[in-house]
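A look at the structure
Next come the chains, spelled out residue by residue.
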Amino acid sequence: MVGGLVSSHHLYPQAARLFGDLLAGGTSIVLSDLVINESLWVLARLAYCDLTGQPPSAHWTKAIYVHHQASIFLHQGAKLSAIRDWLAMLDAAGHPIDVVRSTKGQWIGVVDRTLAFMKDFGLTPADAAHLALAEIHAQTFVTADGDYRKITGSAAPQGLTVLIVQSSSGASPLRSQRSNPRFRRRP
Amino acid sequence: MSAGSFPYGQALATAALVVTVAPAGPAHAQILNVGTDRTAWHQVGDWLRSSGLGLTVLPPEKLSARPVREHLTRVSQSLLVGELEFAARFAGLPLDDYRRRMPPAVYEAYIRFVGLVPGDSRLDVVEAADLSEG
């Protein structure tokens, strides 16, 4: 999401094109909490850098965020709410977009798979849970995080295409278990 | 004071351009005639910075004496953008194809927000999204 919102970073052309193709194809988009967390974290960081005149590589921690959060929301609030406003406008326009729902009956499986992805692929807990939720709720998993390149072999999520957005040659399907890896409408 | 409708790229010698972008519906611009009053210019600068959208204001001495008018491109029914903004946000995107394939409201939502935050070319989104302590 944030890749399609921030125009100057190196993945923007690919992310903007991918997002446009998803919308043009009527593809259902399902967001996990990690997408929301990380998008807002990036935007808060950009807001902090703008406020303080620092480059995006400036030191950034939870303590810095807590210290500056009132100022960030006061002076850069529109930047943070852009993700929310974008999603709200798409929802109002009738595009199928949603956040992962309750996994009642499947939650223990999500925890099991999270642990397995941590153990087998060395993912962080948040990244592993993100992937475990995608295994249940999605057909295609879209990310810009190269850590997911490690997802190969028999321990990989079942029935899920992992799509990594990259800058050199565009989005590349890392792995497909279907005959047709293109995006499809969810039932 | 006079108001116009959404000229992103227009500035007058002794005026400030304030752009308000609403979540839905057209954006609006107001031209505030604040002359060379430094206090007023600082106030306008604060308003623009608070938008969080990378908008800024130039002091009067940095503006030309005559109005600067940028060629505007209509991206959708409600969105006109200047050349620089078009190049940054929409260059290379198949907008005509998207306009044909997307429902009108979805297309409006897409073009309204895609690339809206200028950011910084040095930004690494993956590294910046790291939720762990730096």
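Residues numbered from 1 in each chain as written. Chains lettered and ligands numbered in written order. Predicted model: local features only at pLDDT ≥ 70, side-chain atom pairs only at ≥ 80, totals over all residues.

Description of the overall build of chain B
For clarity, the cut-off: Helix and strand labels come from DSSP, where a helix needs a run of H or I of at least four residues and a strand needs a run of E of at least two; each type is numbered from the N terminus. Whether two residues are in contact is decided by their C-beta atoms, placed from the backbone, lying within 7 Å.
Counting secondary structure elements, chain B contains five helices and seven strands. A separation threshold of at least 6 residues defines the contact pool for chain B, and within that pool the share at least 24 residues apart is 48%.

A few points about the environment of A105(B)
By secondary structure assignment, the location of A105(B) is in helix 4 (residues 104-113). Once you skip the residues sitting within four places of it in the chain, A105(B) turns out to touch A93(A) and G94(A).

Overview of the interface of chain B and chain A
You'll often see interface size given as the accessible area lost when the parts meet. We apply this condition: Think of it as three bins: nonpolar holds Ala, Val, Leu, Ile, Met, Phe, Trp, Tyr, Cys and Pro, charged holds Asp, Glu, Lys and Arg, and polar takes everything else, Gly as well.
Taken residue by residue, the interface counts 38 residues in chain B and 50 residues in chain A. Within the residue set of the side of chain B that touches chain A, elements represented by two or more residues are helix 1 (38-50), helix 2 (83-89), helix 3 (95-101), helix 4 and helix 5 (125-128) of chain B. Ranked by residues supplied to the side of chain B that touches chain A, first place goes to helix 4 of chain B with six residues. Here the residues of the side of chain B that touches chain A sort into 23 nonpolar, eight polar and seven charged.

As for the environment of S28(A)
One can find S28(A) in the loop between helix 2 (12-24) and strand 1 (29-31). On a C-alpha basis, the gap between S28(A) and Q139(A) in space is 9.8 Å, while along the polypeptide they are 111 residues apart.

Digging into helix 6 (residues 125-137) of chain A
Residues and elements named next belong to chain A. To keep things clear, this is the line we draw: In a helix, the anticipated span is given by 1.5 Å times the number of residues less one. A residue is called partly exposed when the number of other C-beta atoms within 10 Å of its own lies between 12 and 20, exposed at 12 or fewer, and buried at 20 or more, with C-beta atoms placed from the backbone.
A rise of 1.5 Å per residue sets the reference length of helix 6, with its 13 residues, at 18 Å; its end C-alpha atoms lie 18 Å apart and thus fit the reference within 8%. For helix 6, the complete set of buried residues consists of D127, A128, A129, H130, L131, A132, L133, A134 and H137. Buried-residue contacts for helix 6 involve strand 1, helix 3 (33-52), helix 5 (107-121) and strand 3 (140-143).

Some thoughts on the confidence of the model for chain A
Low pLDDT means the predicted coordinates in that region are not meant to be read closely. All names here are of chain A. Our working definition: Confidence of the predictor in every single residue is expressed as pLDDT, which spans 0 to 100.
Here chain A shows a mean pLDDT of 82. Residues at 70 or above account for 88%. Considering each helix and strand of chain A separately, the mean pLDDT is smallest for strand 5 (residues 172-175), with a value of 45, and largest for helix 2, with 93. Predicted confidence for residues 170-187 stays below pLDDT 50, and this span has 34 contacts to residues more than four positions away or in other chains.

A few points about the nonpolar core
Put simply, the rule reads: Note on terminology: a nonpolar core is a set of buried residues of type Ala, Val, Leu, Ile, Met, Phe, Trp, Tyr or Cys, with members joined through C-beta atoms within 7 Å.
Membership of the largest hydrophobic core comes to 66 residues, with the highest contact counts inside it found for L5(A), A82(A), W86(A), F141(A), Y110(B) and V125(B). Take this core: its biggest share by element is nine residues, from helix 3 of chain A.

Notes on the packing of helix 5 of chain A against helix 6 of chain A
Residues and elements named next belong to chain A. Rules: Axis definition: a line fitted to C-alpha atoms, limited for helices to the stretch in contact. Angles are taken between N-to-C directions and run from 0 to 180 degrees. Angles below 35 degrees are treated as roughly parallel, those above 145 as roughly antiparallel, those between 65 and 115 as roughly perpendicular, and all remaining angles as oblique. Each helix crossing is assigned a hand: it is left-handed if the near helix lies turned anticlockwise from the far helix by less than a right angle, otherwise right-handed if that turn is clockwise.
Interhelical geometry of helix 5 versus helix 6 gives an angle of 130 degrees and a closest axis separation of 8 Å. Classified by the interaxial angle, the pair formed by helix 5 and helix 6 is oblique. Crossing hand, helix 5 versus helix 6: right-handed. Two secondary-structure elements touch here, helix 5 through V110, R113, T114, F117 and M118 and helix 6 through P125, A128, A129, L131, A132, L133, E135 and I136. Residue composition of the contact of helix 5 with helix 6, grouped by class: ten nonpolar, one polar and two charged.

A word on helix 5 of chain A
Residues and elements named next belong to chain A. With 15 residues, helix 5 ought to run about 21 Å at 1.5 Å a step, and its terminal C-alpha atoms sit 21 Å apart, in line with that. Where helix 5 is buried, its residues contact helix 6. Looking at the residues trailing helix 5, positive phi occurs at G122, about 70 degrees.

Overview of the pairing of strand 7 (residues 79-82) of chain B
All names here are of chain B. For the record, the criterion: Strands are labelled as partners when DSSP assigns at least two bridges between them.
One ladder, built from four bridges, connects strand 6 (residues 72-76) with strand 7; its direction is antiparallel. Each bridged residue has a counterpart across the sheet, and for T73 the counterpart in strand 7 is V81. Connecting strand 6 to the antiparallel partner strand 7 that follows it, the hairpin turn spans two residues.

Quick look at the packing of helix 3 of chain A against helix 4 (residues 62-92) of chain A
Residue and element names in this part refer to chain A. At a closest axis distance of 8 Å, the pairing of helix 3 and helix 4 adopts a crossing angle of 105 degrees. Between helix 3 and helix 4, the angle falls in the class roughly perpendicular. Contacts between helix 3 and helix 4 involve S39, L40, L43, A44, L46, A47, Y48, D50 and L51 from the first element and I64, Y65, H68, S71, I72, H75, Q76, K79, L80 and I83 from the second. Partitioning the contact of helix 3 with helix 4 into residue classes produces twelve nonpolar, five polar and two charged.

Describing the confidence of the model for chain B
Residue and element names in this part refer to chain B. Residues with a pLDDT of 70 or more make up 45% of chain B, whose mean pLDDT is 67. Per-element mean pLDDT across chain B ranges from 32 in strand 2 (residues 10-11) up to 96 in helix 3. Taken together, the stretch residues 1-16 has pLDDT below 50 and engages in 53 contacts with residues farther than four places along the chain or on a different chain. Segment residues 18-32: pLDDT under 50, and 43 contacts once partners within four positions in sequence are set aside and those in other chains are kept. As scored by the predictor, the complex reaches a pTM of 0.66 and an ipTM of 0.74.

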